[in-house]
Amino acid sequence: MEDESRNSTETMPVLMKQGAEAKLYKSTFYGKPCIIKERFTKCYRHPSLDKSLTAHRIKSEVRALLRCRMNGICTPTVYFTNMENSSIYMEEIEDAQTVREYIQHVQAKESNDTANNILKPLGVKVGEILGIMHSNNIVHGDLTTSNMLLRGNPVELDVVIIDFGLSHFENFAEEKGVDLYVLERAILSTHPNTEDFFQTILETYKKYNLKSSAEVVAKLDEVRLRGRKRTMVG
Ligand SMILES: Nc1ncnc2c1ncn2[C@@H]1O[C@H](COP(=O)(O)OP(=O)(O)OP(=O)(O)O)[C@@H](O)[C@H]1O
Ligand SMILES: [Mg+2]
């Protein structure tokens, strides 16, 4: 990747991961460990549509990362945005694992009941974060256990939310209900026996989104029903 914005004392970017829409590099920004998230061109899209979609995703991601922080939700600090090469330079969350990796690790080691007990405080923490996010009208758009990082010792529940490219600001219960539905599907399809874990998230969510949780949960039920009908029809 081209990187003319920083001087030669910075660490050369090293490719860490290639997702569906972006490449992630590890580097430094003025000496601080940073992640560069570079969105790449999708050849199947019309070039001008691709350009505007990419710009839209970058803006949404940066805006939501900042708005979360303003509301006390941990997200990586944004250091710099380069629209020329479609990149966001952000703080690297060091010593972190994804919530997905952590759940898999706990489930591999423990019996179902013990794993559920160990994961309960994490469910409470995630429910709290999502309740605060939604009560501030931040809809994530791609809630999965890979888009939540656990920094340091998992027992400390230092959860950092990432990957806001599909986020938007909306005060519609429907959008928030879909956000929760996407998370429920992601959890239940990735991790076996996590019904209790999701229930804990939902119960805590209700306490932290007092304004609209009744409406949102009603929408969640509606979306679940639609999902089920679609599966039955095929
Ligand atoms: N700021 C960060 N600090 C540490 N690790 C990060 C950071 N941002 C992203 N990662 C790591 O890179 C992975 C992919 O990042 P992200 O979810 O933003 O991109 P993505 O293109 O959506 O990838 P995917 O399609 O796998 O979700 C994360 O799951 C996480 O492991
Ligand atoms: Mg992701």
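About the cut-offs
- Residues numbered from 1 in each chain as written.
- Chains lettered and ligands numbered in written order.
- Predicted model: local features only at pLDDT ≥ 70, side-chain atom pairs only at ≥ 80, totals over all residues.
- Heavy atoms only, no water.
- UniProt positions renumbered as here; feature names shortened; annotations may be inferred.
- Helix = DSSP H or I, 4+ residues; strand = E, 2+ residues; numbered from the N terminus.
- Rg over C-alpha atoms; globule rule 2.2 N^0.38 Å.
- Contact = heavy atoms within 4.5 Å.
- Areas by Shrake-Rupley, 256 points an atom, 1.4 Å probe, with all protein chains shown as cover.
- Lys, Arg positive; Asp, Glu negative; His and termini not counted.
- Charge placed at Lys NZ, Arg CZ, Asp CG, Glu CD.
- Near = heavy atom within 4 Å.
- Polar contact = N/O pair within 3.5 Å; in protein donor to acceptor, adjacent residues only side chain to side chain.
- Nonpolar A, V, L, I, M, F, W, Y, C, P; charged D, E, K, R; others polar.
- Domains from an automatic or database assignment.
- Buried < 20%, exposed > 50% of the residue type's maximum accessible area, 1.4 Å probe, protein only.
- Pairing = 2+ DSSP bridges.
- Buried area = accessible area lost by both parts, 1.4 Å probe.
- Salt bridge = Lys/Arg side-chain N within 4 Å of Asp/Glu carboxyl O.
- Donors = N, O, S within 2.8 Å, 3.2 Å for Na, K, Ca; no water.
- Axes fitted to C-alpha atoms, helices over the stretch in contact; angles between N-to-C directions.
- Parallel < 35°, antiparallel > 145°, perpendicular 65-115°, else oblique.
- Left-handed = near helix turned anticlockwise from the far one by under 90°.

Under the annotation held in an unreviewed UniProt entry, the protein chain carries the name non-specific serine/threonine protein kinase and is attributed to Mytilus coruscus. Annotation of the protein chain in UniProt includes, under Sequence similarities (unreviewed entry), the sentence "Belongs to the protein kinase superfamily. BUD32 family." A UniProt comment under Subcellular location (unreviewed entry) is attached to the protein chain, and it reads "Nucleus".

Side note on the overall build of the protein chain
Summing up its helical and strand segments, the protein chain has six helices and ten strands in all. Relative to the globule expectation of 17 Å for 234 residues, the C-alpha radius of gyration of the protein chain, 19 Å, shows essentially globular dimensions. Along the first, second and third principal axes, the C-alpha atoms of the protein chain reach 50 × 40 × 35 Å. A separation of at least 24 residues holds for 60% of the contacts in the protein chain among residues at least 6 apart in sequence. A total of about 12,500 Å² of accessible surface is found on the protein chain, and carbon and sulfur atoms cover 53% of it. Within the protein chain, the 32 negative side-chain charges are centred at a point lying 4 Å from the centre of the 31 positive side-chain charges.

Things to note about the site of ligand 1
In the neighbourhood of ligand 1, 19 residues make up the surrounding shell, with K17, K37, E91, I93 and D163 lying closest. In the environment of ligand 1, a nitrogen atom lies 2.8 Å from a nitrogen or oxygen atom belonging to the backbone of I93. Broken down by secondary-structure element, the contributors of at least two residues to the shell around ligand 1 are strand 1 (14–18), strand 2 (22–29), strand 3 (32–39) and strand 5 (87–91). For the shell around ligand 1, the class distribution of residues is ten nonpolar, four polar and five charged. Counting contributing residues, the shell around ligand 1 receives three or more from each of domain 1 (14–91) and domain 2 (96–233).

Notes on the pairing of strand 2
Of all the eight residues making up strand 2, six are buried; the element is thus mostly covered by neighbouring parts of the structure. Pairing between strand 1 and strand 2: four bridges, direction antiparallel. Bridging from a neighbouring strand, Q18 pairs with K23 of strand 2. The antiparallel pairing of strand 1 with strand 2 creates a hairpin that spans three residues between the two strands. Counted along the chain from strand 2 to the antiparallel partner strand 3, the turn is two residues long, and its residue Y30 has a positive phi close to 45 degrees.

Section: the domain arrangement of the protein chain
For an interface, size is often stated in terms of accessible area lost upon the parts coming together. The domain boundaries assigned to the protein chain delineate domain 1 (14–91) and domain 2 (96–233). With centres defined by C-alpha atoms, the gap from domain 1 to domain 2 works out at 23 Å. Counting from both sides, the interface comprises 16 residues of domain 1 and, opposite them, 17 residues of domain 2. Note on domain 1 versus domain 2: buried area summed over both sides is about 1,300 Å², and carbon and sulfur give 66% of it. Summed over the three residues of domain 1 that lose the most area to domain 2, namely R67, I73 and C74, the buried surface amounts to 34% of that side. When the shortest N-O distance is used, the salt bridge between K37 and D163 registers 2.9 Å.

Notes on the coordination of the magnesium ion (ligand 2)
Looking at the magnesium ion (ligand 2), one finds its protein donor set to be N147 (OD1) and D163 (OD), positioned 2.1 to 2.2 Å from the metal centre. On the criterion of sequence distance, the pair formed by N147 in the loop between strand 7 (138–139) and strand 8 (148–151) and D163 in the loop between strand 9 (158–161) and strand 10 (168–169) is long-range, its members being 16 residues apart.

Quick word on the packing of helix 2 (residues 99–109) against helix 3 (residues 112–135)
Where helix 2 meets helix 3, the closest approach of the two axes is 9 Å, and the angle between their N-to-C directions is 155 degrees. Comparing the axis directions of helix 2 and helix 3 gives the class roughly antiparallel. Crossing geometry of helix 2 relative to helix 3 is assigned as right-handed. Note on element contacts: helix 3 touches helix 2 through A115, I118, L119 and L122, opposite V99, Y102, I103, V106 and Q107. Each residue belonging to the contact of helix 2 with helix 3 can be placed in one class, and the counts come to eight nonpolar, one polar and no charged.

Overview of the sheet that holds strand 8
One open sheet accounts for three strands, arranged 6-8-9; its pairing is antiparallel. Looking at strand neighbours, the two that pair on one side only are strand 6 (96–98) and strand 9, the edges of this open sheet. Neighbour-to-neighbour, the strand axes of this sheet turn through a mean angle of 35 degrees, independent of strand direction. Of the pairings in the sheet, the one linking strand 6 to strand 8 comprises three bridges and is antiparallel in character.

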